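# Structure assessment
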Amino acid sequence: MSQNKDGYADSVSYDESLDEHPSDEELNAAVENLQSRGFDVVVVEDGETALDELRERIPAGASVMDGHSTTLEEIGFMEYLMEGDHDWENRHAEVYGIDDDAERQRARREAQAVDYFLGSVNAIAATGELVAADASGSRIGAYPFAAENLLLVAGTNKIVEGLDAALDRLEGVAFPLEDARAEDAYGTGSMIGKQLIYRQEAEEGRTTLILVKESLGY
C-alpha cells in the first residue's frame, strides 16, 4: 500500500473537516501569526517548488537528518537526500546503515544535533502554534533545541482555526492515518507517545516553515 495519504484515505476513518485548505485571507493571517511567534514562513504553490526551497537553503557540507515524514517523501526530498546530486553529509544513510540495534539508536540520538534537521508537523494553528507528535520522540526530538537549523514542510491542509483544533487534528486526522501506515510498514500500530506544542521560536532564523498549497502528509 502507498505510503502517502491516497493509500489510506479510502479505508481509514478520519475527520476530513480538519483537513481542508484555508482561504487566501485565512492563509495570510496564519502566516502573520506564525511570523509573530518567531517562525520564518515561506508559502509555495507545489511540492516541486518546496523541494527547490530546501535544496537552496541547505549549504554544501552541512550535516542533514530527517524525522520520518510522509510530506518529505511526497515532495521528493527523501529520494533526493538518498540519491540526488548534493554535497551534504547524509546522516540518515549513516544511521540506518548501522546493523547493531544499540549502536544505531545511539547514532539516531546524536543525529538530532545536526546542522539541518528536516520534518513536518501534524497541525498548524492559525493562531501561530505548531503541533507534532510521534510514538518514540525520534521524529520531533530535534525540533525544540537540538538541531542548529530546523526546516519544516507542511501542506496548507494542516492549517486549522486554533490550538484546540490543532490538537483535534492530531487525534482525528494524523493519528488514524499514521496508525494504518505503521501497521503496514512495521506490523504494529502507532501511538501518540510524545507530543510537542511549538508555541514560539526565540532564536532568529533557526526555524523555517515551508507551507505548500497542496494536500500533503497526515
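Up top is the structure these notes are about.
Described in the following lines is the structure provided in the data block.

### Structural notes on the sheet that holds strand β7 (residues 149-155)
Spatial ordering of the open sheet is given by β1-β10-β7-β4-β2-β3, a layout of six strands whose pairing is parallel. Both edges of this open sheet fall to β1 (40-44) and β3 (89-90), since each of them pairs with a single strand only. The pairing of β1 with strand β10 (residues 207-212) spans five bridges and is parallel. Looking at the pairing, Val-41 lines up with Leu-209 of β10.

### Section: helix α2 (residues 47-57)
Residues of α2 that are buried: Gly-47, Ala-50, Leu-51, Glu-53 and Leu-54. In a view along the axis of α2, the buried residues occupy a sector of 155°, so they form one face of it. Opposite the buried face of α2, by more than 90 degrees, sit the exposed residues Glu-48 and Glu-56. In this structure, the buried side of α2 is in contact with β1, α3 (70-74), α4 (77-83), β4 (116-119), β7 and β10.

### Brief notes about a negative patch on the surface
A contiguous patch of negative charge, built from Asp-15, Glu-16, Glu-20, Asp-164, Asp-168 and Glu-171, is present on the exposed surface. The residue Asp-164 is located in helix α8 (residues 163-186) in this model. With relative accessibility at 61%, the residue Asp-164 sits in the exposed group.

Conventions and cut-offs
Residues take numbers from 1 onward in each chain, read along the sequence in its written order. Thresholds applied to this predicted model are a pLDDT of at least 70 for local features of residues and 80 or more for the giving and counting of side-chain atom pairs; totals over whole chains, interfaces and linings are not thresholded and use all residues. In computing side-chain values, all of the structure's heavy atoms are included and hydrogens and water are not. When DSSP finds at least two bridges between two strands, those strands are taken to pair. Helix numbering and strand numbering both begin at the N terminus, where a helix is a DSSP run of H or I of at least 4 residues and a strand a DSSP run of E of at least 2. Remark: exposure states derive from per-residue accessible area (1.4 Å probe, protein chains only) relative to the maximum for the residue type, with buried under 20%, exposed over 50%, and partly exposed in between. Each C-beta atom gives one direction from the helix axis, and the arc is the one those directions make. Contacts are residue-level and defined by heavy atoms, with any inter-residue pair within 4.5 Å sufficient. For patch building, the residue pool is restricted to those with more than 30% relative accessible area and no salt bridge; the joining distance is 9 Å between like charges and 5 Å between nonpolar side chains (Val, Leu, Ile, Met, Phe, Trp, Tyr). Only the protein chains shown count as cover for residues, and the accessible areas themselves come from Shrake-Rupley with a 1.4 Å probe. Whenever Lys or Arg places a side-chain nitrogen within 4 Å of a carboxyl oxygen from Asp or Glu, that contact is recorded as a salt bridge. Counting rule for charge: Lys and Arg are taken as positive, Asp and Glu as negative, and neither His nor the chain ends is counted. Lysine's charge is taken at NZ, arginine's at CZ, aspartate's at CG and glutamate's at CD.

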